[in-house]
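Structure at a glance
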Amino acid sequence: MKSLWNDTEAQAFSNDPLELRVYTSRLLGANPDLVLHGGGNTSVKLNQQNFFGDPEELLLVKGSGWDLATIESPGFAPVRLDTLKRLAELETLSDTEMVRQQRAAMTDPGAPNPSVEAILHALIPFRYVDHTHADAVLAVTNHPDGEISVQEIYGNRVIVIPYVMPGFVLAKKVRELTQGKNWADYEGMILMNHGIFTFDDDARESYEKMIRLVTEAEDYVRQKGAREASKTKVREDLIRLAGIRKKVSDTAGKAMLAVPDQTEDAGGFSSRKDISEIAVRGPLTPDHVLRTKNIPVMLDENPVEAIETFKNQYLDYFKRNTDGQLTCLDPAPRWAVWKEHGTLAFGRSVKETTIISDIIGHTRKTIQQVEDWSSWKALPEKDLFEVEYWELEQAKLGKPGKSPNFQGKIALVSGAASGIGRACAETLHQQGAAVLGLDLNPEVEKIFNKPGLMGFCCDVTDDESIRQAVNLVVRNFGGLDVLVSNAGNFPAGLTLEKMTAETWDSSMRLNLSSHQRLLTAATPFLQQSLDGAVVFIASRNVPAPGPGASAYSVAKAGLTQLARVASLELGSYGVRVNVLHPDCVYDTGLWSDDVLQGRAEKYGMSVEAYKSRNILKKEVTSREVAEMVAAVAGPVFLKTTGAQIPIDGGNDRVI
Ligand SMILES: [Zn+2]
């Protein structure tokens, strides 16, 4: 493992111990083999003047909610050192009381809650303290002869602490085992099955000790015979993936994404002969169970049954370990190993599945390294249960937070580069959905280019392009719940007398047939959706046609009939199909100045008069149509299908 220390970068902070703390914390955070997503913690002890000018000894320790990779100075909570040391002397201390007392001892009430390891940091008599969950240290401690390995690597240069629950209990254990010891005799401290601490009065040295000690563990693992993990191409089965996601969501009682890892590393892991056995022996470090639960579900020929079995076993595990006071978490798995298909991460958002995928990647790698020379052995289940169900996490369960309507849901929107389609993609994403926006305009891939809101250049009149788009949304997020079929154009306004075959046919191709093609391709996934909804964007022209727009109106009328038939066919799968008839939406690509002018002339009006020719005298915006789409696809319209809903400012010919 390489030190990332850079003299030039560090120079800027040399006079500010807290800024140096920020700098080396970020160096630790930059290496995922040391810490992942909010894991690990660091601190610095400072003598600072308080509000009245009196000096105070403080521990500035990583605050909860901050990530070492991106932490800034406000991410360190300033706690009076003396209070922390006195807390360590108590016989018992509940986590809730610990948090209360630590908050009460902070000199800045606006700072975040101090890390759960704050008391332990306070006990270590050095200015800088660094703590990580380094993969290599976990590899040497998570096997039957872990203590022997630690001894072989480090001899007497480190303090070794057997596994106990993190937080107050760990701080007490360290205090007890280091009585009479001189901390200066040691380079670091190994926590069995948990991680490693290093410490020094010099920021750089504390960091470098971490790198050196972890490198020694890496070298040891390699010498013992750990090899590069084998790589295998994964098999893909998107239909079954959608079924797995549905079953996991039903088991969790809420919509979840199911994001596959189809890398060759994941393929290699999932194709191992011993996979069913080694994957379910427990996590890398107990910290991870809050995200991943203690074990993954193993999926093979009958994934739905396997998830049901996982659920029952989880409920048994809860019953075996609860003291009767705890609230059971939802019994759905958070990750899966799918034989020969790679691994899956389940979560409520792309942010969550990304974190879980990263944890899986490191767990996978480390388990295989250990299996090459020993046997992966994580903590017993009661220790993992204690972390999964620790007081502070349980307290959070008591606070009912309402999640957005589309949290964990997956949407596909066509015609998404501008106007109504773009507004729909953005609105659904803001309301929690993972969204793929399609458009013929390749710009769509730049417009939507972040996790959970992506764009794909797609010609919805081309079957192959549609197939790719539907596969992509399922491969990215695990299924499909909401289809907003919106792509369309307004062909040249021609009377029937002047109609050309090309104008007519191209309008039918885009404004009618492409919607059928997209719906047909999406149907196998919609049949496995969670409260599935299809929304077709038709037009006021359907109930109230105008002269000179037959190619458009007839296609939209056909689209409306398509929706009515689809609502009959998909109803038994719980999928609703509804149609919106917008009008007076002038902020879309459809309404070029020329088109507006032309339409106004047809009605013998000025453009201004034409624009407010509805009953409410109001122009309708794309955003307002998108809000209506979200409502129709959401819980308010859960019992409505086959409906046609105008959003046109009120039209006397429609009413
Ligand atoms: Zn830790």
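Residues numbered from 1 in each chain as written. Predicted model: local features only at pLDDT ≥ 70, side-chain atom pairs only at ≥ 80, totals over all residues. Heavy atoms only, no water.

**Here we look at the overall build of the protein chain**
Looking only at helices and strands, one finds 25 helices and 19 strands in the protein chain. Burial analysis of the protein chain (655 residues in total) assigns 55% to the buried set. A fraction of 72% describes how many contacts in the protein chain between residues 6 or more apart in sequence connect residues 24 or more apart. Of the charged side chains in the protein chain, 71 are positive and 86 negative, and the gap between their average positions amounts to 4 Å. (Helix = DSSP H or I, 4+ residues; strand = E, 2+ residues; numbered from the N terminus. Buried < 20%, exposed > 50% of the residue type's maximum accessible area, 1.4 Å probe, protein only. Contact = heavy atoms within 4.5 Å. Lys, Arg positive; Asp, Glu negative; His and termini not counted. Charge placed at Lys NZ, Arg CZ, Asp CG, Glu CD.)

**Focus: the coordination of the zinc ion**
For the zinc ion, the full set of protein donor atoms is His131 (NE2), His133 (NE2) and His194 (NE2), and the range of their distances to it is 2.1 to 2.2 Å. Positions of the donor residues of the zinc ion along the chain correspond to the pattern H-x1-H-x60-H. (Donors = N, O, S within 2.8 Å, 3.2 Å for Na, K, Ca; no water.)

**Section: the nonpolar core**
Generally speaking, nonpolar side chains in soluble globular proteins are found buried as a group. Counting 61 residues, the largest nonpolar core has Leu299, Phe346, Leu412 and Phe536 as the members making the most contacts within it. Of the residues forming this core, the biggest block, seven residues, is contributed by helix α20 (residues 463-477). With sequence-adjacent residues up to four places away left out, Leu412 is seen in contact with Leu436, Leu438, Val470, Val473, Leu480, Val482, Leu483, Val484 and Leu518. In this structure, Leu34, Val35, Ile196 and Trp335 belong to the second largest nonpolar core, which totals 57 residues. (Core = buried A, V, L, I, M, F, W, Y, C linked by side-chain atoms within 4.5 Å.)

**Brief notes about the domain arrangement of the protein chain**
Per the domain assignment, the segments of the protein chain are domain 1 (7-223), domain 2 (238-397) and domain 3 (410-588 + 620-647). Put simply, the middle of domain 2 and the middle of domain 3, counted by C-alpha atoms, are 36 Å apart. Together domain 2 and domain 3 conceal approximately 1,400 Å² of surface at their shared face, both sides included; 66% is due to carbon and sulfur atoms. On inspection of domain 2 and its partner domain 3, the count reaches one salt bridge. The interface formed by domain 2 and domain 3 holds six residue pairs in polar contact (both at pLDDT 80 or more) in total. The element best represented in the side of domain 2 that touches domain 3 is helix α10 (residues 238-252), accounting for nine residues. Looking at the side of domain 2 that touches domain 3 residue by residue, the class counts come to 11 nonpolar, three polar and three charged. (Domains from an automatic or database assignment. Buried area = accessible area lost by both parts, 1.4 Å probe. Salt bridge = Lys/Arg side-chain N within 4 Å of Asp/Glu carboxyl O. Polar contact = N/O pair within 3.5 Å; in protein donor to acceptor, adjacent residues only side chain to side chain. Nonpolar A, V, L, I, M, F, W, Y, C, P; charged D, E, K, R; others polar.)

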